[in-house]
Amino acid sequence: MVGIREADLNRLLAALREGEQPDTAGDVRRRVLATITEVVGGDIVAYQSIDPATGSSEQVSVPDGWETTELAEVFTRHVPQHPLLPHFLRAGDLDAARLSDVATRRQVRDLGIYQDFYRPLGITHQLVCRLGTDLGVADILVFNRGGSDFTDAELQLVRLARPYLATVVATASAGAWFDSALAALEGVDDTAYGVVLLGPLGRIRVANRAARLLLSTYFRRPAREGGVVPEELGAWLARQSAVARPYVVTRGSRRLTVRLFRHRAAAALLLSEAGTRTPPVATAANLTARESDVLWLVAGGRTNAQAALALRISVRTVEKHLENAYAKLGATSKAEAAERAFGRT
């Protein structure tokens, strides 16, 4: 690679190795900036997200705190005329480039974005690296300098780092969306469907309230996050091809149907029940959702300990919920309480 010294390559490798140690509580944008500025610096280096349709953008930078509201408005107004915009936000035909690669110094200085935005900041040279595009919004790294232009070696180093940094960003984005989906799933307590997201080898990554109740009702061994699916479901999963047939199990007058959905390497189970109201959310005597859950499980044959495991609470808490349910329903046994809360089960 012409112009790159061995010492520069070693610095790049060291920075990338350091970047492999993620701070799970941190911002991936700052992690990317910390990695790349170990190799290529600038007066201002920014991780920027830009919407070319509106000109709106957001960024984090090193150093931070230099951008004012007035400067942000100026940038939004002028960004459509940026010479690199067609390459990175529309055509996507470059992975990294310098401003001087696409426009002369005179052409740049005649632009409003230079006169009103870059010149007041003392910026005359720029190197931009495209990391990816999501829903039309482009993520880019922007290196800004006021002295000498970026060298060929620095441009090549950024190009070498780009695939790794783009993967870091894509992985973090996927993880953030997954975490958001799990939070939403866990927050929907009264859905009529049970949902189980599967990890490798049939392990349960997460299950919502309805799924925990249904699995505990229909299968002998309680299922929990981090554990494997019930043995019967595991055997069914192992037999499924690309188009899976539903798994159906009956319990008295009730029937549980489990459907498998796959997308690439991910898989999820959708559980639904026929023959009764599912999941049980008793409105009689103003039972709380948790009192209803406990009563449903023990009335279905689960011990207090099994109910506690399924609901991720203590046995003592199960007992307290049962006491409260019996009192509200005016019942003296679990069968009587279940009859008054849910009808015949």
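Keep in mind that what you see is a predicted model, and the values were worked out from it rather than measured. All residue numbers refer to positions counted from 1 along the written sequence of the respective chain. pLDDT decides what is reported in this predicted model: residues at 70 or higher carry local features, side-chain atom pairs at 80 or more are listed and counted, and totals for whole chains, interfaces and linings draw on all residues regardless. Calculated side-chain values reflect all of the structure's heavy atoms, with hydrogen atoms and water omitted.

1. Details of the packing of helix 10 (residues 289-299) against helix 13 (residues 334-342)
- The convention used is that axes are lines fitted to C-alpha atoms, helices contributing only their stretch in contact, and that angles between N-to-C directions extend from 0 to 180 degrees. Think of it this way: any DSSP run of H or I at least four residues long counts as a helix, any run of E at least two long counts as a strand, and we number them from the N terminus. Here helix 10 crosses helix 13 at 125°, and the two axes come no closer than 9 Å. Judged on the interaxial angle alone, helix 13 and helix 10 are oblique. Remark: the crossing between helix 10 and helix 13 carries left-handed chirality. Facing Ser292, Leu295, Trp296, Val298 and Ala299 of helix 10, the residues of helix 13 in contact are Lys334, Ala337, Ala338, Ala341 and Phe342.
- Looking at the contact of helix 10 with helix 13 residue by residue, the class counts come to 8 nonpolar, 1 polar and 1 charged. Oblique is the label for any angle not under 35 degrees, not over 145, and not in the 65 to 115 range, which are roughly parallel, roughly antiparallel and roughly perpendicular in turn. In a left-handed crossing the near helix is turned counterclockwise from the far helix by less than a right angle, and in a right-handed crossing that turn is clockwise. Note on definitions: a residue-residue contact is assigned when non-hydrogen atoms from the two residues lie within 4.5 Å. Each residue gets one label: Ala, Val, Leu, Ile, Met, Phe, Trp, Tyr, Cys and Pro are nonpolar, Asp, Glu, Lys and Arg are charged, and the others, such as Gly, are polar.

2. Describing the pattern of salt bridges
- Salt bridges are defined by distance alone: a side-chain nitrogen of Lys or Arg within 4 Å of a carboxyl oxygen of Asp or Glu. In the structure shown here, the tally under the stated rule is 10 salt bridges.
- Of the charged contacts in the structure, one is a salt bridge between Asp64 and Arg30, with a shortest N-O distance of 2.6 Å. On the criterion of sequence distance, the pair formed by Asp64 in the loop between strand 2 (57-62) and helix 3 (69-78) and Arg30 in helix 2 (residues 28-36) is long-range, its members being 34 residues apart.
- The buried label goes to any residue with under 20% of its type's maximum accessible area, the exposed label to any with over 50%, and the partly exposed label to all in between, with areas taken from a 1.4 Å probe on protein chains only. Since its relative accessible area comes to 36%, Arg30 is described here as partly exposed.
- One salt bridge in this structure joins Arg98 and Asp101, with 3.2 Å as the shortest N-O distance.
- Judged by its relative accessible area of 39%, Asp101 is partly exposed.

3. Some remarks on the confidence of the model for the protein
- With 83% of its residues at a pLDDT of 70 or more, the protein has an overall mean of 80.
- For every residue, the predictor assigns a confidence score, pLDDT, that lies between 0 and 100. Averaged pLDDT values for the elements of the protein fall to 64 in helix 4 (residues 85-91) and rise to 91 in helix 6 (residues 112-121).
- Segment residues 277-281: pLDDT under 50, and 21 contacts once partners within four positions in sequence are set aside and those in other chains are kept.

4. Considering the packing of helix 10 against helix 12 (residues 315-329)
- Where helix 10 meets helix 12, the axes come as close as 9 Å, and the angle between the chain directions of the two elements is 95°. With respect to helix 12, the axis of helix 10 lies roughly perpendicular. Of the residues in helix 12, those touching helix 10 at Arg290, Glu291, Val294, Leu295 and Val298 are Val318, His321, Leu322, Asn324, Tyr326, Lys328 and Leu329.
- Taken together, the residues that form the contact of helix 10 with helix 12 break down as 7 nonpolar, 2 polar and 3 charged.

5. Brief notes about helix 3
- Looking at helix 3, one finds that the buried residues are Leu71, Val74, Phe75 and His78. For helix 3, the arc enclosing every buried residue in end-on projection is 100°, short of the 170-degree limit, so these residues lie on one face. Across from the buried face of helix 3, at angles greater than 90 degrees, the exposed residues are Thr69 and Arg77.
- On its buried side, helix 3 packs onto strand 1 (44-50), strand 2 and helix 6. What the arc covers is the set of directions going from the helix axis to the C-beta atoms.

6. Digging into the pairing of strand 1
- Of all 7 residues in strand 1, 7 are buried, a share of seventy percent or more.
- Burial along strand 1 is two-sided: Ile44, Ala46, Gln48 and Ile50 facing one way and Val45, Tyr47 and Ser49 facing the other are all buried.
- Whether two strands pair depends on DSSP finding at least two bridges between them. Bridging between strand 1 and strand 2 involves 6 bridges; their strand directions are antiparallel. Bridged to Ala46 within strand 2 is Ser61.
- Between strand 1 and the antiparallel strand that follows it, strand 2, lie 6 residues; Gly55 among them carries a positive phi value of about 80°.

7. A closer look at the packing of aromatic side chains
- When the centres of two rings from Phe, Tyr and Trp lie within 6.5 Å, Trp using its six-membered ring, the rings pair. Their planes under 30 degrees apart give stacked, over 60 give edge-to-face, and anything left gives tilted. Enumeration over the complete set of coordinates arrives at 6 aromatic pairs.
- Measuring from centroid to centroid gives 5.1 Å for Phe75 and Phe117, while their planes differ by 50°, and the two rings are tilted. One end of the pair, Phe75, is in helix 3; the other, Phe117, is in helix 6, with 42 residues separating them in the sequence. With respect to class, Phe75 is no different from Phe117; both count as buried.
- An aromatic cluster of three or more residues is present, and its members are Trp66, Phe75, Phe117 and Tyr118.

8. Examining the nonpolar core
- Residue types Ala, Val, Leu, Ile, Met, Phe, Trp, Tyr and Cys, when buried and joined through side-chain atoms within 4.5 Å, form a set referred to as a nonpolar core. Val32, Tyr47, Leu131, Leu141 and Phe143 are the most contacted members of the largest nonpolar core, which has 27 residues in total.
- Among the elements that line this core, the one with the most residues is helix 7 (residues 152-187), at 8 residues.
- Ignoring anything within four residues of it in the chain, the contact list for Phe143 reads Ile36, Val40, Gly41, Ile44, Val45, His125, Gln126, Leu127, Phe150 and Val158.
- Within the second largest apolar cluster, 22 residues are counted, among which are Ala207, Leu233, Leu237 and Ala267.

9. Description of helix 12
- One less than the residue count of a helix, multiplied by 1.5 Å, gives the span that helix is expected to have. The first and last C-alpha atoms of helix 12 sit 21 Å apart over 15 residues, in line with the 21 Å expected at 1.5 Å per residue.
- Residues of helix 12 that are buried sit in contact with helix 10, helix 11 (304-311) and helix 13.
- At the exit of helix 12 stands Gly330, carrying a positive phi of roughly 65°.

10. Comments concerning the sheet that holds strand 4 (residues 125-134)
- Ordered in space as 2-1-5-4-3, the 5 strands form an open sheet in which the pairing is antiparallel. The outermost strands of the open sheet, each flanked by one partner alone, are strand 2 and strand 3 (96-98). Across the sheet, the axes of successive neighbouring strands diverge by a mean angle of 20°, strand direction being ignored.
- Direction of pairing for strand 4 relative to strand 5 (residues 137-145): antiparallel, over a ladder of 9 bridges.

11. A look at the side chain of Gln59
- Within the secondary structure, Gln59 is located in strand 2.
- Counting of polar contacts relies on pairs of N or O atoms within 3.5 Å, with two restrictions inside protein: one atom must be capable of donating a hydrogen and the other of accepting it, and residues adjacent in sequence are counted only when both atoms are side-chain atoms. Of the polar contacts made by the side chain of Gln59, one reaches the side chain of Gln48; its length is 3.1 Å.
- Not counting the four nearest positions on each side in its chain, Gln59 is found in contact with Ala46, Tyr47, Gln48, Trp66 and Glu67.

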